[in-house]
Amino acid sequence: MTRLVLFDIDGTLLSARGVPRIAFGGALEEVFGTAGPIEGHQFDGKTDPQIARELLRLAGRTDAEIDRGLPSLWECYLGRLERTLPGRDVLVYPGVRELLDELEARRELVVLGLLTGNIEPGARLKLRHAGINNHFQVGAYGSDHERRDRLPAVAVHRARQLTGVHFRASDVVIVGDTPADMSCGRSLAVRALGVLTGRYDRAALEAAGAFRVFPDLSATAEVLSAILS
Ligand SMILES: [Mg+2]
């Protein structure tokens, strides 16, 4: 039995308490001259390029203009994130460190990975500041594809390249806090485990296909057995 466990970041492992959102908005202003209607715009469950495109389209930018500016946007965003994140606490949710340690202790059974809408350097920056970056061997990121539902296949492919193991859908578990996390692996029939540390409730995550939902990840033994079942 081998498992590939893919964690979402924001709302699942940690909260950077609004810092990335401010950095994102500032970078959009700096590079495109507008952050569009960012106030109240929903970020969770989406990839970084998807959020940028939504906001900039709403501000009247064409896709060609958006695509031209994205490399500068990421550079600017990462610079701002790096400057603003260290001074503020990153909240790691209850049970996260313990669960990661337990999974890591089962290295012969479990490959730990990320499945996140963050662009890769942004993801790694947040995890470094939380002190949990070294746990994750593989990942699929917003920088790999604008659509989250394309990311599970990317993660499975990378895990196979790394380990030589061909993970079947039944071997893969996604852990996340949004309906998009629960449904993104549906086309591959991947299982998804929900946590309520983000903005969504149990009913929303179950409706999106979660096979188990926990209030947070602090019930280590129970969560482990759900992941390994
Ligand atoms: Mg999330």
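This is a predicted model, so every value here is computed, not measured.

**Student:** Honestly, the domain arrangement of the protein chain in this entry has me stumped. Any pointers?
**Tutor:** Interface size, as often reported, equals the accessible area lost upon joining of the parts. On domain assignment, one finds that the protein chain holds domain 1 (3-16 + 91-228) and domain 2 (19-84). Here domain 1 and domain 2 have C-alpha centroids that lie 24 Å from each other. On the domain 2 side, the residues contacting the 18 residues of domain 1 number 14 residues. At the level of elements, helix 5 (120-130) and helix 7 (179-183) are the ones that each hand at least two residues to the side of domain 1 that touches domain 2. Residues that form the side of domain 1 that touches domain 2 fall into these classes: 6 nonpolar, 7 polar and 5 charged.

**Student:** Just checking my understanding: could you explain unusual backbone geometry for this structure?
**Tutor:** As a rule of thumb, non-glycine residues mostly have phi less than zero, and peptide bonds are mostly trans rather than cis. Residue R17 is not a glycine yet carries a positive backbone phi of 50°. Accessibility expressed as a C-beta count within 10 Å gives 13 for R17, which makes it partly exposed. Even without being glycine, A189 reaches a positive phi, approximately 65°. Mapped onto the fold, A189 is located in the loop between helix 7 and strand 7 (191-195). With 10 C-beta atoms packed within 10 Å, A189 lands in the exposed category.

**Student:** Mind showing me how you'd approach the pairing of strand 4 (residues 110-115) here?
**Tutor:** Side-chain direction in a regular strand flips from residue to residue, so the side chains alternate between the two faces of the sheet. Of all 6 residues making up strand 4, 6 are buried, and the element is well covered by its neighbours. Side chains V110, L112 and L114 of strand 4 all project onto a buried face; the interleaved residues V111, G113 and L115 project onto the opposite face, where all are buried too. As judged from the 5 bridges shared by strand 1 (residues 3-7) and strand 4, these two strands associate in the parallel manner. Residue F7 lies in a different strand from strand 4, and its bridge partner there is L114. Across 3 bridges, the pairing between strand 4 and strand 5 (residues 138-140) is parallel. Across the sheet, residue L115 finds its bridge partner in strand 5, namely A140. The parallel pair strand 4 and strand 5, bridged by helix 5, forms a crossover whose chirality is right-handed.

Criteria and thresholds
- Residues numbered from 1 in each chain as written.
- Predicted model: local features only at pLDDT ≥ 70, side-chain atom pairs only at ≥ 80, totals over all residues.
- Domains from an automatic or database assignment.
- Contact = placed C-beta atoms within 7 Å.
- Helix = DSSP H or I, 4+ residues; strand = E, 2+ residues; numbered from the N terminus.
- Nonpolar A, V, L, I, M, F, W, Y, C, P; charged D, E, K, R; others polar.
- Buried ≥ 20, exposed ≤ 12 C-beta atoms within 10 Å, placed from the backbone.
- Pairing = 2+ DSSP bridges.
- Right-handed = clockwise from strand over helix to strand, strands pointing away.

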